[in-house]
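Observations on chain architecture
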Amino acid sequence: MISDQKKHLQFALLSIILLANLMGMFGMHFFGEHIIWLSIKDLILVLLLAGNLIVFRVLPKNYVLCTLPFLFFLGVSFLSSEAATMAKVASSRQALVPFAIGLLGFYLGSSQEMSRQFIRWHLHALYLLIACSILVYLGLQFEILPIAEYAKSKSLILSYYDVPYMYYDSLTGNMIRNVSSFLDPINMGHAMVFLFVYGLYKAKYSKALLLMIALSLLLTTSKGAVLHLVLALFILERNRFPKWMQYIAFGSLVPLLILASSLHPGVALHLEGFTEALTHLSFFGEDLARTGNQALMYGNDVALPIFDTFIGGIMGQFGLVGLLLWLAPFIFILNKIRKQQWLFVLLLVQLLVACISENTFNFGSIFFLMLSCGYYLRSSRANG
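Residues numbered from 1 in each chain as written. Predicted model: local features only at pLDDT ≥ 70, side-chain atom pairs only at ≥ 80, totals over all residues. Heavy atoms only, no water.

1. Structural notes on the packing of helix H3 (residues 61-80) against helix H4 (residues 85-108)
So the rule is basically this: For helices, the axis comes from a line fit to the C-alpha atoms of the stretch in contact; other axes are also lines fit to C-alpha atoms, and the angle between any two N-to-C directions lies between 0 and 180 degrees. Helix numbering and strand numbering both begin at the N terminus, where a helix is a DSSP run of H or I of at least 4 residues and a strand a DSSP run of E of at least 2. Reported orientations rely on four angle classes, namely roughly parallel under 35 degrees, roughly antiparallel over 145, roughly perpendicular from 65 to 115, and oblique for the rest. Note on definitions: a residue-residue contact is assigned when non-hydrogen atoms from the two residues lie within 4.5 Å. Basically, the charged four are Asp, Glu, Lys and Arg, the nonpolar ten are Ala, Val, Leu, Ile, Met, Phe, Trp, Tyr, Cys and Pro, and anything else, Gly included, counts as polar.
In contact at an axis separation of 11 Å, H3 and H4 are set at 175 degrees when each is read in the N-to-C sense. Taken as axis vectors, H3 and H4 run roughly antiparallel relative to one another. In contact with Tyr63, Thr67, Phe70, Leu71, Leu74 and Phe78 of H3, H4 contributes Lys88, Val89, Ser92, Ala95, Leu96, Pro98, Phe99, Gly102 and Leu103. Of the residues contributing to the contact of H3 with H4, the split by class is 11 nonpolar, three polar and one charged.

2. Things to note about the pattern of salt bridges
Definition in use: Whenever a carboxyl oxygen of Asp or Glu lies within 4 Å of a side-chain nitrogen of Lys or Arg, that contact is scored as a salt bridge. Burial status follows relative accessibility: with a 1.4 Å probe on protein chains alone, a residue under 20% of its type maximum counts as buried, one over 50% as exposed, and anything between as partly exposed.
For the coordinates displayed, the defined rule picks out four salt bridges. Residue Arg93 pairs with Asp42 through a salt bridge whose shortest N-O separation is 2.6 Å. On the criterion of sequence distance, the pair formed by Arg93 in helix H4 and Asp42 in helix H2 (residues 40-56) is long-range, its members being 51 residues apart. A relative accessible area of 32% places Arg93 in the partly exposed class. Under the relative-accessibility criterion, Asp42 is labelled buried at 15%. Across the salt bridge formed by Glu113 and Arg116, the nearest N and O atoms sit 3.0 Å from each other. With a gap of three residues between them, Glu113 and Arg116 both fall in helix H5 (residues 112-141), about one helical turn apart. Overall, the relative accessible area of 42% leaves Arg116 in the partly exposed class. When salt bridges that share partners are traced, they join Glu113, Arg116 and Arg120 into one network.

3. A look at helix H8 (residues 207-218)
Defined as follows: An expected span of 1.5 Å times one less than the residue number is assigned to each helix. Note: the arc covers the axis-to-C-beta directions of the helix.
Over its 12 residues, H8 extends 16 Å from the first C-alpha to the last, a length consistent with the 16 Å expected when each residue adds 1.5 Å. Where H8 is concerned, the buried positions are Leu209, Leu210, Ile213, Ser216 and Leu217. Down the axis of H8, the smallest arc covering the buried residues is 120 degrees, so these residues share one side. Exposed side chains of H8 directed beyond 90 degrees from the buried face belong to Lys207, Ala208, Leu211, Leu215 and Leu218.

4. Observations regarding empty space enclosed by the protein
The line we're drawing: Only protein atoms enter the calculation, which uses a 1 Å grid: trapped sets of points that fit a 1.4 Å probe without letting it out are cavities, open sets showing protein on both sides within 12 Å along at least five of seven lines are pockets, and any residue with an atom within 4 Å of a point is a lining residue. Grid points are joined across faces, edges and corners, and a volume is the space filled by probe spheres set on the points.
Summed over the entire model, instances satisfying the criterion amount to one cavity of 30 Å³ or more. In this structure, the largest cavity spans a volume of roughly 120 Å³. Taken together, 17 residues make up the lining of the largest cavity; nearest its centre are Gln94, Phe310, Gly313, Gln317 and Glu358. Listed by contribution, the elements that provide at least two residues to the lining of the largest cavity are H4, helix H13 (293-297) and helix H14 (310-336). Of all the elements, H14 adds the most residues to the lining of the largest cavity, at five residues. A breakdown of the residues in the lining of the largest cavity according to their chemical character gives six nonpolar, nine polar and two charged.

Structure follows, in structure tokens:
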């Protein structure tokens, strides 16, 4: 059994993961640029996984078995790819982080007391993110947040006011988006989608609290996150609508995306990346870090212009075989959590949105989601 002190430490570290980017920003400002400042959340994740494995000495066998084929495939691709080492490390991390977070969530369902603390932690995490939203917004608005070094390390272009251009709403051009402690509006958007659906269907949050979450989501002006929420709510509430309306809604989704791409260049870039991935889909792909934004960030020549699409990036690097191996653990999870319909739908829709958005499956975007997926694997005794 894990002691109360260790339990509290574990949930404190989960909260620190939410603050990791903010901590990294201040670390760079005061102590200089170093890879350690971009690795805080990854190091804590590894620490938590190692600690839990030592304490419990158990793994979700079927979940791990579903992940091993992709791990082997990734290892072969890592060795064969001619991309820069850091690009390969970054691309490997991007592909593996969802499974690692899911494994951590598995340990959070190890006892009734851990489960109760995990449920309470969601509310504490929500208040933490809202508080950070206000403080970071004020810091950006009054130009007192030392964002320059952090933005440079993330290849973000700064405006005249030392605010990254991606922090401005693309419609008005002057409204600063809600980035909170993630320092990323898309990550914050998807985190709020999870907390809204979780609060509505599972935790039964008050209307005032749900309204606060919805407002926080809208202030991110993340198109992918809003699409995520709309699709998830429509599917969860589909029985309220006649069949013909459901068919029209789902049938019009692709045409509406195409129309939006003709009106908004950002949407067009996302769709072009996924279309490129589909057009050049092969069995084994172009190799690790040979497509996608990670390749560009580390100065690699890309084999195919596949950008701004997470699933497209998986397809471009690993091909059809790699994509199926990467999806296998998610199929296992979806099968095991199907009784938790709210969570099943959230994961399914987030995978779909990841076809046209890369940040949709970033660490911050999937943190709450994959923790809960792993938690319900354990709580449903689906550990093989």
